[in-house]
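Residues per chain are reported as follows:
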Amino acid sequence: FGPDDETMGDCILHVAGELGLDGRMVEVLACLAASRMGVFVVEDHAAESAGGLVRLREFVTGDRLVAEVPSGHRGVPGELWFARTLPPLPGAADHGLVVTTPYVLRGALRADWSLYLRRTLASYAAGVPEADGWDERARLHHLLKYGPTPHYWHEFVMLGYDGFIHEAIFLAGIPDIPASLPHAPRLTPDA
């Protein structure tokens, strides 16, 4: 919302006491406010789950999460997702949650995403003054939560839209390669 990268969750947390929110609600809001989008690889379907849990591995950090996917999309092993996740909430569940309908990334290889994230993370800190001294994990968090520009990730979703099914949305391309995005404006020669 503003120059300090505050989010709706941050604002609500700031006034939680005045709103009379109970401790559990504040805990959930804090978890949401701390979350961000991520690029995940579907590893497999959690065998112990009758409810359709999915094992995910974050593409850059390698962090693993067993998560419920409310949309019902379980994907296939190796599928890449762009999604927002929450870790397990203490005392609530032993698994995390995919908060968004999964955006299934197609039309680009894992290697393409790896190169994109490496080149973007390498230059990202230069454009964020407070990033001096951040490690890769902190740069990744900031990039995937705020993007290089305020509407960066929204634009990627709009320009990369490549169809949907009830349980998932499909995106094609790489964010910083306009020619790879199905709905990016195309340059035309001057007439």
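Just above sits the structure.
First, a word on what this report is: a plain description of the structure on this page.

Basis of the calculations
Residues numbered from 1 in each chain as written. Predicted model: local features only at pLDDT ≥ 70, side-chain atom pairs only at ≥ 80, totals over all residues. Heavy atoms only, no water. 1 Å grid on protein atoms, 1.4 Å probe; cavity = no way out; pocket = protein on both sides within 12 Å on 5 of 7 lines; lining within 4 Å. Points joined across faces, edges and corners; volume = space filled by probe spheres on them. Helix = DSSP H or I, 4+ residues; strand = E, 2+ residues; numbered from the N terminus. Nonpolar A, V, L, I, M, F, W, Y, C, P; charged D, E, K, R; others polar. Buried < 20%, exposed > 50% of the residue type's maximum accessible area, 1.4 Å probe, protein only. Contact = heavy atoms within 4.5 Å. Patch = residues over 30% accessible without salt bridge, like charges linked within 9 Å, V, L, I, M, F, W, Y side chains within 5 Å. Areas by Shrake-Rupley, 256 points an atom, 1.4 Å probe, with all protein chains shown as cover. Salt bridge = Lys/Arg side-chain N within 4 Å of Asp/Glu carboxyl O. Pairing = 2+ DSSP bridges. Phe/Tyr/Trp six-rings, centres within 6.5 Å; stacked < 30°, edge-to-face > 60°. Lys NZ or Arg CZ within 6 Å of the ring centre and 35° of its normal.

1. Examining the layout of surface pockets
Part 1 of the argument: Here the second largest pocket is characterised by a volume of approximately 370 Å³.
Part 2 of the argument: For the second largest pocket, the lining is made up of 16 residues, of which Arg36, Phe40, Glu58, Asp63 and Thr85 are closest to its centre.
Part 3 of the argument: Mapped onto the lining of the second largest pocket, the elements with two or more residues apiece are helix H3 (23–34), strand E1 (37–45), strand E3 (64–68), strand E4 (80–86) and helix H5 (136–146).
Part 4 of the argument: Looking at the lining of the second largest pocket residue by residue, the class counts come to 7 nonpolar, 4 polar and 5 charged.

2. Quick word on the environment of Val104
Part 1 of the argument: Along the chain, Val104 turns up in strand E6 (residues 103–106).
Part 2 of the argument: Given a relative accessible area of 3%, Val104 falls into the buried group.
Part 3 of the argument: In this structure, the C-alpha to C-alpha distance between Val104 and Ala126, residues 22 residues apart in sequence, is 30 Å.
Part 4 of the argument: Not counting chain neighbours up to four residues away, the residues in contact with Val104 comprise His73, Glu79, Leu80, Trp81, Ala168, Ile169, Phe170 and Leu171.

3. Considerations on a nonpolar patch on the surface
Part 1 of the argument: A cluster of nonpolar side chains, Met8, Ile12, Val15, Leu19, Leu21 and Met25, forms an exposed patch at the surface whose accessible area comes to about 520 Å².
Part 2 of the argument: Along the chain, the position of Met8 falls in helix H1 (residues 8–14).

4. Notes on the pairing of E1
Part 1 of the argument: Pairing between E1 and E4: 5 bridges, direction antiparallel. Bridge pairing links Met37 to Arg84 in E4.
Part 2 of the argument: Inspection of the sheet shows E1 paired to strand E2 (residues 54–58) by 5 bridges, in the antiparallel sense. Residue Asp44 lies in a different strand from E2, and its bridge partner there is Arg55.

5. Some points on the packing of aromatic side chains
Part 1 of the argument: With the rule as written, the count across this model stands at 7 aromatic pairs.
Part 2 of the argument: Ring centres of Phe82 and Trp153 lie 5.0 Å apart, and the angle between their planes is 40°; on these two criteria the pair is classed as tilted. Here Phe82 is found in strand E4, whereas its partner Trp153 is found in helix H6 (residues 152–160), with 71 residues between them in sequence. The pair Phe82 / Trp153 is uniform in exposure class, with both members buried.
Part 3 of the argument: Centre to centre, the rings of Tyr152 and Trp153 are 4.9 Å apart; their planes meet at 90°, and the pair counts as edge-to-face.
Part 4 of the argument: Its relative accessible area of 9% is what places Trp153 among the buried residues.
Part 5 of the argument: Grouped by ring-pair contacts, the aromatic residues Phe82, Tyr103, Trp113, Tyr116, Tyr152, Trp153 and Phe156 constitute a single cluster.
Part 6 of the argument: Geometry around Phe170 places Arg106 over its ring, the cationic atom sitting 4.1 Å from the centre.

6. Considering the pattern of salt bridges
Part 1 of the argument: Within this structure, the stated rule accounts for 8 salt bridges.
Part 2 of the argument: Between Glu58 and Arg36 there is a salt bridge, and its shortest N-O distance comes to 2.7 Å. Pair noted here: Glu58 is in strand E2 and Arg36 is in the loop between H3 and E1, with a separation of 22 residues, a long-range link. Each member of the pair Glu58 and Arg36 is classed as buried.
Part 3 of the argument: Between Glu43 and Arg64 there is a salt bridge, with its nearest N and O atoms 2.9 Å apart. In this pair, Glu43 sits in strand E1 while Arg64 sits in strand E3, placing the two residues 21 residues apart along the sequence.

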